[in-house]
Amino acid sequence: WEKISITANGKDEIAEMQLAYNQMIDRIDENMAKQARFVSDASHELKTPLSVITSYTELLQRRGKERTEIFDEAVDAILSEAGRMKHITEQMLMLAKNETIENVRFAPVNITDLIREVVRSLSIAYNRDIHLYEESPLSRMVSADKQKLYQAIYILVDNACKYSDKEINIYLVDKEEHVLISVHDFGDGLSENDQKLVFDRFYRVDKARSRKAGGSGLGLAICKAIIDAHGGYITIDSQLKKGSTFSIHIPK
Ligand code: ADP
């Protein structure tokens with residue numbers, strides 16, 4: 001047998017280990033609580049369209065055969081709510097995939113070309129002008145997962161289109177270590193409190209407005225997960241009734 005004596009130094013080490021262990025347990029608890037909240041929020045989000053679908057199907061069963069206008073209304077509502085459920089489930093899957101950093105495939109990406117693709121697609125979808133300004137000279141190449149970075153920029157520009165009806169400007173700036181992509185709108189803006197919460201899953205400032213615009217409250221959570229996986233970060237600069245600037249800082 002070998003006697004293990006605990007010296008003053010040994011006691012310190014045990015205390016340190018205990019502290020690290022407690023911190024780890026706290027983090028696991030926190031993550032489990034987050035997961036539980038996500039499951040409960042997701043179920044709630046899916047329950048709403050599901051109950052609309054159920055009520056309209058019952059209405060169809062009772063009166064759909066004799067009244068064509070009821071038939072048309074019910075089928076339209078069912079299709080639209082089913083589309084909504086599809087969108088929410090697709091976004092949840094996207095979030096789950098993007099939260100695992102192993103899925104990111106890095107390759108050289110020309111950031112100007114990527115933003116141009118987003119602008120082209122959204123200016124057609126919303127039939128409005130979106131301006132892109134870039135610093136000159138600019139080193140345009142970043143190491144990124146092209147498809148995911150496209151998604152992240154798309155979400156920010158899509159939000160600018162959804163939540164403002166004025167001008168939208170995108171600025172691309174070279175910052176030595178990283179590239180800065182700022183999406184600037186002159187819409188409603190966000191309060192300081194909302195700025196802290198908008199990256200939370202399912203958080204929406206105005207639920208009705210987001211729902212009308214086809215939103216699910218997951219866009220910014222997905223955007224953040226993608227940028228985190230690239231080792232970058234997002235910042236918000238916003239003022240109520242003046243507008244918002246969402247900026248992605250992406251390492252080169
Ligand atoms: P959604 O699908 O509802 O758009 P997001 O996660 O993308 O979900 O955004 C969360 C909420 O943040 C939105 O519902 C909206 O209230 C607010 N928001 C996002 N972008 C903007 C913006 N550019 N201007 C004002 N509010 C915004």
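Parameters at a glance
Residues numbered from 1 in each chain as written. Predicted model: local features only at pLDDT ≥ 70, side-chain atom pairs only at ≥ 80, totals over all residues. Heavy atoms only, no water. UniProt positions renumbered as here; feature names shortened; annotations may be inferred. Core = buried A, V, L, I, M, F, W, Y, C linked by side-chain atoms within 4.5 Å. Buried < 20%, exposed > 50% of the residue type's maximum accessible area, 1.4 Å probe, protein only. Helix = DSSP H or I, 4+ residues; strand = E, 2+ residues; numbered from the N terminus. Contact = heavy atoms within 4.5 Å. pLDDT = per-residue confidence, 0-100. Salt bridge = Lys/Arg side-chain N within 4 Å of Asp/Glu carboxyl O. Near = heavy atom within 4 Å. Polar contact = N/O pair within 3.5 Å; in protein donor to acceptor, adjacent residues only side chain to side chain. Areas by Shrake-Rupley, 256 points an atom, 1.4 Å probe, with all protein chains shown as cover. Nonpolar A, V, L, I, M, F, W, Y, C, P; charged D, E, K, R; others polar.

An unreviewed UniProt entry annotates the chain as histidine kinase originating from Gracilibacillus xinjiangensis. Heading Subcellular location (unreviewed entry) of the UniProt record for the chain holds this comment: "Cell membrane". In its Catalytic activity (unreviewed entry) section, the UniProt entry covering the chain states "ATP + protein L-histidine = ADP + protein N-phospho-L-histidine."

Draft legend 1. Molecular detail of the nonpolar core. In this structure, Ile111, Leu149, Ile153 and Ile181 are the most contacted members of the largest nonpolar core, which totals 50 residues. Ranked by residue count, the leading element in this core is helix H4 (residues 146-163), at eight residues. The residues contacting Ile111, other than those within four sequence positions of it, are Arg140, Val142, Leu149, Ile153, Leu172, Val179 and Ile181.

Draft legend 2. The arrangement of the confidence of the model for the chain in detail. Per-residue confidence for the chain gives a mean pLDDT of 91; residues scoring 70 or more make up 96%. Element-level pLDDT for the chain is lowest in helix H6 (residues 207-212), with a mean of 83, against a maximum mean of 97 in strand E6 (residues 233-239). Here the predicted complex scores 0.85 on pTM and 0.99 on ipTM.

Draft legend 3. Geometry of the pattern of salt bridges. On inspection of all chains with the given rule, the structure shows 11 salt bridges. Ionic pairing is found between Arg140 and Glu134, a salt bridge with its closest N-O pair at 2.4 Å. For Glu134, a relative accessible area of 28% corresponds to the partly exposed category. The residue Arg209 makes a salt bridge to Asp188 at a minimum N-O spacing of 2.2 Å. Taken together, the residues Arg209 in helix H6 and Asp188 in the loop between strand E5 (178-185) and helix H5 (192-197) connect sequence positions 21 residues apart. The class of Asp188 is partly exposed, set by a relative accessible area of 42%. Taken together, the salt bridges that share partners define one network made up of Glu45, Arg204 and Lys207.

Draft legend 4. Highlighting the site of the ligand. Of all residues adjacent to the ligand, which total 19 residues, the nearest are Asn159, Tyr163, Ser210, Ser216 and Leu220. A distance of 2.9 Å separates an oxygen atom of the ligand from a polar side-chain atom of Asn159. In this structure, Ser210 approaches the ligand through a side-chain N or O atom, which is 2.6 Å from an oxygen atom. Contact with the protein chains covers 96% of the free accessible surface of the ligand, which is 530 Å². Elements with a minimum of two residues in the shell around the ligand: H4, helix H7 (219-229) and strand E7 (243-251). Take the shell around the ligand: its biggest share by element is three residues, from H4. Residues of the shell around the ligand, tallied by class, amount to eight nonpolar, seven polar and four charged.

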